[in-house]
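# A look at the structure
The chain contents come next:
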Amino acid sequence: MIRYLKNERGSSVIPFTALFAMAMVILMVLLMMWVSAEITFMNIRNSVKNELTNVSIRISEDTYNAMREGNLHAYYQTLSSDSSYRNELQQMICDNIRTAMPLETESYRIGDIALTFRENDECIEYVLSCSVEYDVSLFQDAKTIRTEEISLSGRHNLKQY
């Protein structure tokens, strides 16, 4: 090893152990970057899941009020066609996600948060979706290395009387 460090002959032989150590460091950095991205996506998914639960509670309360008043079809019309009510629900979701975690940092961006509804005979189904971009900054230049669509759905069963 000392012979390689002194390099008296002027040859440019790189020892195997140095290449192996450098390869292991690169693999560890890539592994840590992947683990960091997975943890970030898991935190975002859990935050979105919590907001879906909050929306589910709100829709459940409104549905039961509509069922008690006997105008469930009118409530679904409000849910599917009234943009102010949908915007209110979507704004509630954005605000609650924003309080739980920032929507944009140097390593990720959450965007395109959307809430859609569908009516079946037995339930009202709602889908909360958003897109997440994960960035890595190398030499002051951020590159998006992973983009994922997170889509979670819930349903509220209706009892027909």
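Keep in mind that this is a model prediction, so the values were computed, not measured.

### Describing the sheet that holds strand β1 (residues 108-119)
Taken in spatial order, the three strands line up as β1-β2-β3 in an open sheet, and their pairing is antiparallel. Of all strands in the sheet, those bounded by a partner on one side alone are β1 and β3 (141-157). Strand-to-strand twist of the sheet, defined as the mean angle between neighbouring strand axes without regard to direction, takes the value 15 degrees. Bridging between strand β2 (residues 123-138) and β3 involves 16 bridges; their strand directions are antiparallel. Across the sheet, V132 pairs through a bridge with E148, a residue of β3. Of the strands in this sheet, β1 and β2 touch helix α4 (residues 83-100), which is tilted by about 145 degrees from β1.

### Topic: the packing of aromatic side chains
Overall, the coordinates contain one aromatic pair when judged by the stated rule. Ring plane angle 45 degrees and centroid distance 6.3 Å describe the contact between F41 and Y134, whose orientation is recorded as tilted. Of this pair, F41 sits in helix α2 (residues 16-69) while Y134 sits in strand β2; the two residues are 93 residues apart in sequence, bridging distant segments of the chain. Here F41 matches Y134 in class, with each residue buried. For R146, the ring lying beneath its charged end belongs to F41, and the centroid distance is 4.2 Å.

### Brief notes about the pattern of salt bridges
For the structure shown, the criterion picks out nine salt bridges. When the shortest N-O distance is used, the salt bridge between R146 and E148 registers 2.6 Å. The class for E148 is buried, based on a relative accessible area of 18%. Put simply, E38, R45, R146 and E148 are held in one network by salt bridges that share partners.

### With respect to the side chain of S131
With respect to the helices and strands, the residue S131 is situated in strand β2. For S131, the side chain forms a polar contact with the side chain of D112, separated by 3.4 Å. Setting aside residues up to four positions removed in sequence, S131 forms contacts with R109, I110, G111, D112, E148 and E149.

### Structural notes on the side chain of E51
Among the structural elements, E51 can be located in helix α2. Although buried, E51 forms no salt bridge, and the nearest oppositely charged side chain, R58, lies 10 Å from it. In this structure the side chain of E51 is engaged in a polar contact, spanning 2.9 Å, whose partner is the side chain of N96. Ignoring anything within four residues of it in the chain, the contact list for E51 reads M92, I93, N96, I97 and L128.

### Observations concerning the nonpolar core
I44, V48, L79, I110, I113 and L115 are the most contacted members of the largest nonpolar core, which has 32 residues in total. Elements supplying a minimum of two residues to this core: α2, α3 (72-81), α4, β1, β2 and β3. Among the elements that take part in this core, α2 stands out by supplying eight residues, more than any other. In this structure, V48 is in contact with I97, L128, C130, I150 and L152, ignoring residues within four places of it in sequence.

### Description of the pairing of β2
The buried count for β2 comes to 13 of 16 residues, which makes it a mostly enclosed element. The pairing of β1 with β2 spans ten bridges and is classified as antiparallel. Each residue of the ladder has a partner; that of Y108, found in β2, is Y134. Following β2, the chain reverses through two residues before pairing antiparallel with β3; F139 in that reversal takes a positive phi of roughly 55 degrees.

Calculation rules
- Residues numbered from 1 in each chain as written.
- Predicted model: local features only at pLDDT ≥ 70, side-chain atom pairs only at ≥ 80, totals over all residues.
- Heavy atoms only, no water.
- Pairing = 2+ DSSP bridges.
- Helix = DSSP H or I, 4+ residues; strand = E, 2+ residues; numbered from the N terminus.
- Axes fitted to C-alpha atoms, helices over the stretch in contact; angles between N-to-C directions.
- Contact = heavy atoms within 4.5 Å.
- Phe/Tyr/Trp six-rings, centres within 6.5 Å; stacked < 30°, edge-to-face > 60°.
- Buried < 20%, exposed > 50% of the residue type's maximum accessible area, 1.4 Å probe, protein only.
- Lys NZ or Arg CZ within 6 Å of the ring centre and 35° of its normal.
- Salt bridge = Lys/Arg side-chain N within 4 Å of Asp/Glu carboxyl O.
- Polar contact = N/O pair within 3.5 Å; in protein donor to acceptor, adjacent residues only side chain to side chain.
- Lys, Arg positive; Asp, Glu negative; His and termini not counted.
- Core = buried A, V, L, I, M, F, W, Y, C linked by side-chain atoms within 4.5 Å.

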